[in-house]
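# Fold and geometry: a report
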Amino acid sequence: YVAAIWQNRNQRIKEIYIIDPREEIEFEEHDGFKILKFKNERELVKSLRLAFKERKPLVAIGHNQVYDYSQIRYAADDFKLIFDPAVKDIKPRRDFVRQFLQRQREDLIYLDTLWLGKIIHPYLNQKRFGTSFKLDALASFLGINFKKSLTHEQLREVEMRRLSGKTLEIRKEAANELIDYTCSDAENEEKVFHALNPWPVLVAM
């Protein structure tokens, strides 16, 4: 499941890319996101790559984007596809890994709220305060009413129900939970970015 909000001066497009091999997802839209359904992962990655080529984004905003872009790139590599979202034949890659913090090499201009949160509010790293740089924790600190609908453990269980639930109803319910989880993340990443107001820091840098 990949959710994307594409924005330029005149247009705002919200999409969620979903693998639906058994054509079990009946609706075409969720919370303003157009649902794009694919038979397999290869077709999903091809379509996402084409969207980047057609829309030519310069800036990518998200939370811990290194993980997201790396996973898309690894999937593309598995299918002998080149995922080059910004510069022809240049794949996204990490230029270092230090504990859990990673940095993406610049091809797109990555404005990552995980990184920006660490730069602007470094004291959130004090675990004894119950704070962190996770998306929902950072959102809460910034006054945004957001809590992830699923923990990582719950997400794995829902994914298993989506893939191998015994009945159509079980699989559909799991799909709905995953769609809601993914779209909610995308919407709130955008809110966190604006609440951080990183422009003074970025201009100074």
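The rules we used
Within any chain, residue numbers begin from 1 and follow the written order of that chain's sequence. Whole-chain, interface and lining totals are the exception, using all residues; otherwise, since this is a predicted model, local features are given only for residues with pLDDT of at least 70 and side-chain atom pairs are given and counted only at 80 or more. In computing side-chain values, all of the structure's heavy atoms are included and hydrogens and water are not. Each helix is a run of DSSP H or I of at least 4 residues and each strand a run of E of at least 2, with the numbering of both proceeding from the N terminus. For this measure, only C-alpha atoms enter the radius of gyration; the expected value for a globule follows 2.2 Å times N^0.38, where N is the number of residues. Two residues qualify as a contact provided that any one of their heavy atoms is within 4.5 Å of a heavy atom in the partner residue. Exposure is judged per residue with a 1.4 Å probe applied to protein chains only, and the accessible area is read against the type maximum: over 50% gives exposed, under 20% gives buried, and values in between give partly exposed. Pairing between strands is defined by DSSP: at least two bridges between the two strands are required. Between Lys or Arg on one side and Asp or Glu on the other, a salt bridge is scored when a side-chain nitrogen of the former is within 4 Å of a carboxyl oxygen of the latter. Note on terminology: a nonpolar core comprises buried Ala, Val, Leu, Ile, Met, Phe, Trp, Tyr and Cys residues joined through side-chain atoms within 4.5 Å. Axes here mean lines fitted to C-alpha atoms, for a helix over just the part in contact, with angles spanning 0 to 180 degrees between N-to-C directions.

### Quick word on the overall build of the protein chain
A tally of helices and strands in the protein chain yields 7 helices and 8 strands. Against the 2.2 N^0.38 benchmark of 17 Å for 205 residues, the protein chain shows a C-alpha radius of gyration of 18 Å, consistent with a compact globule. In terms of principal-axis extent, the alpha carbons of the protein chain reach across some 50 × 40 × 35 Å. If you take every contact in the protein chain between residues at least 6 apart in sequence, the share linking residues at least 24 apart comes to 51%.

### Observations regarding the pairing of strand β5 (residues 59-62)
The alternating pattern of β5 places Ala60 and Gly62 on a buried face, while none of Val59 and Ile61, on the opposite face, is buried. As paired elements, β5 and strand β8 (residues 109-112) share 4 bridges and run parallel to each other. Bridging from a neighbouring strand, valine 59 pairs with isoleucine 109 of β8.

### Some remarks on the pattern of salt bridges
Here the structure, examined in full by the defined rule, presents 19 salt bridges. In this structure, the salt-bridge partner of arginine 55 is glutamate 15, at a minimum N-O distance of 3.0 Å. Here arginine 55 is found in helix α1 (residues 41-55), whereas its partner glutamate 15 is found in strand β2 (residues 12-19), with 40 residues between them in sequence. Of the charged contacts, one joins lysine 39 and glutamate 23 as a salt bridge, the two residues approaching to 2.7 Å between their closest N and O atoms. With a gap of 16 residues between them, lysine 39 in the loop between β4 (33-38) and α1 and glutamate 23 in the loop between β2 and β3 (29-30) connect regions that are remote in the sequence. Residue class for lysine 39 comes out partly exposed when judged on its relative accessible area of 46%. Put simply, Asp20, Arg22, Glu24, Arg162 and Arg171 are held in one network by salt bridges that share partners.

### A few points about unusual backbone geometry
In this structure, lysine 56 is a non-glycine residue whose phi angle is positive, near 50°. If you trace the backbone, lysine 56 turns up in the loop between α1 and β5. At asparagine 64, a position not held by glycine, the phi torsion is positive, near 55°. Mapped onto the elements, asparagine 64 comes out in the loop between β5 and α2 (65-78). Overall, the relative accessible area of 27% leaves asparagine 64 in the partly exposed class.

### Section: the nonpolar core
Formed by 19 residues in total, the largest nonpolar core has its most connected members in Trp6, Tyr17, Leu48, Phe52, Tyr69, Phe83 and Leu108. Contributing elements (two or more residues each) for this core: β1 (2-7), β4, α1 and α2. Counting residues per element, this core draws most heavily on α1, which supplies 5 residues. Leaving out residues up to four positions away in the same chain, phenylalanine 52 has contacts with Trp6, Pro57, Tyr69, Phe83, Pro85 and Leu108. With 13 residues, the next largest nonpolar core counts Leu111, Leu135, Leu138 and Phe193 among its residues.

### Some details on the sheet that holds β3
The strand order across the open sheet built from 4 strands is β1-β2-β4-β3, with neighbouring strands paired in mixed fashion. The open sheet has two edge strands, β1 and β3, and neither has a second partner. As paired elements, β1 and β2 share 6 bridges and run antiparallel to each other. Its bridge partner being in β2, glutamine 7 is matched across the sheet by arginine 12. Taken strand by strand, α1 contacts β1, β2 and β4, and its axis lies near 160° from that of β2.

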